[in-house]
Amino acid sequence: MTQQTNQGNFLDTPQLATGVTRFWLIRHALVEQNARLCLYGSLDVPLCPESLIAQRPMYEALAARLPRKARWFVSPLSRTRKTAQAIQDAGYGPHALAVEPALIEQDLGQWQGMPHGELPQHLRLAAHPFWPVSAAECPPEGESMIDVSARVGQALDKLAQAHAGQNIVAVSHGGAIRAALSHALRIHPDTALHFSIQNLSLTILERLEEGWRVVTVNELPGI
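Residues numbered from 1 in each chain as written. Predicted model: local features only at pLDDT ≥ 70, side-chain atom pairs only at ≥ 80, totals over all residues. Heavy atoms only, no water.

This part takes up the pattern of salt bridges. By the definition in use, this model includes seven salt bridges. The partner of E60 in a salt bridge is R56, with the nearest N and O atoms 3.2 Å apart. Within this pair, E60 and its partner R56 are both found in helix α4 (residues 56-65), separated by four residues, close to a single helical turn. The closest approach of N and O atoms between R151 and E143, which form a salt bridge, is 2.7 Å. Judged on exposure class, the residue R151 and its partner E143 are both buried. Salt bridges sharing partners connect three or more residues here, namely R22, E206 and R213. (Salt bridge = Lys/Arg side-chain N within 4 Å of Asp/Glu carboxyl O. Helix = DSSP H or I, 4+ residues; strand = E, 2+ residues; numbered from the N terminus. Buried < 20%, exposed > 50% of the residue type's maximum accessible area, 1.4 Å probe, protein only.)

Once that is clear, we can look at the pairing of strand β5 (residues 202-208). With six of seven residues buried, β5 lies mostly within the body of the structure. As defined by bridge partners, strand β1 (residues 21-27) adjoins β5 across six bridges and the pair is classed as antiparallel. Within β5, the position partnered with T21 by the bridge is R207. In the sheet, β5 pairs with strand β6 (residues 211-219) via six bridges, with the strands oriented antiparallel. Bridged to I204 within β6 is T216. In this structure, the hairpin formed by β5 and β6 is closed by a connection of two residues. (Pairing = 2+ DSSP bridges.)

Turning our eyes to something else, we now look at the sheet that holds strand β3 (residues 97-99). The six strands are arranged β3-β2-β4-β1-β5-β6 in an open sheet whose pairing can be described as mixed. What marks the edges here is a single partner per strand, and that holds for β3 and β6. Neighbour to neighbour, the strand axes of the sheet diverge by 25 degrees on average, direction disregarded. Where helix α6 (residues 145-162) meets the sheet, its contacts fall on β1, β2 (71-74), β4 (167-172), β5 and β6, and the angle it forms with β1 comes to roughly 135 degrees. (Axes fitted to C-alpha atoms, helices over the stretch in contact; angles between N-to-C directions. Contact = heavy atoms within 4.5 Å.)

Attention now goes to unusual backbone geometry. Despite not being glycine, L200 has its phi angle at roughly 70 degrees, a positive value. Relative to the elements of secondary structure, L200 occurs in the loop between α8 (189-192) and β5. Phi angles above zero are rare outside glycine, and N218 is one such case at about 60 degrees. Relative to the helices and strands, N218 resides in strand β6.

Laid out in structure tokens, this is it:
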């Protein structure tokens, strides 16, 4: 019996199996242009209104892709809630949104709101090639990506236990989703920062008895 169960986990099939604890992680939509000029981290910045209109087909594709029976979670920031609502309005249908504080983006502390060009002079460690700071860099009054990986990982474990065998849709942030991959793959956050996590992309993780399984990363809806 154990052997058959294991085979079912590594022999891929066209359809995702039912009764599996599965996370559907979505990065929020593009934020407005002025916000993108600075390090916004965990600041509550608005979405870009033009992209909300232009990317309507992506919202419709996500609405069709996501499971009909699922628990929905968002971070405390409005950009995740508004992204979730846009997906539901695009054909998924209304669904309750629960706030999970641990899914918030990296807190860059005193560096939040700083123009990107000013950051290098404040760094104590070499910058990461694909993230503003290295995983070990902790901004003053902020948190490092190592910290983010720990809190996101704890949240995923908690949600997986509370909603075992169910689908969990979580609209979150680029850093938090990379942190989720760090936790699932048991890799250093610096390594996880090499993943591309684009706006409105979908990353699917499964929590099985044997451990975490990565189904897809940075899947772009309708592309």
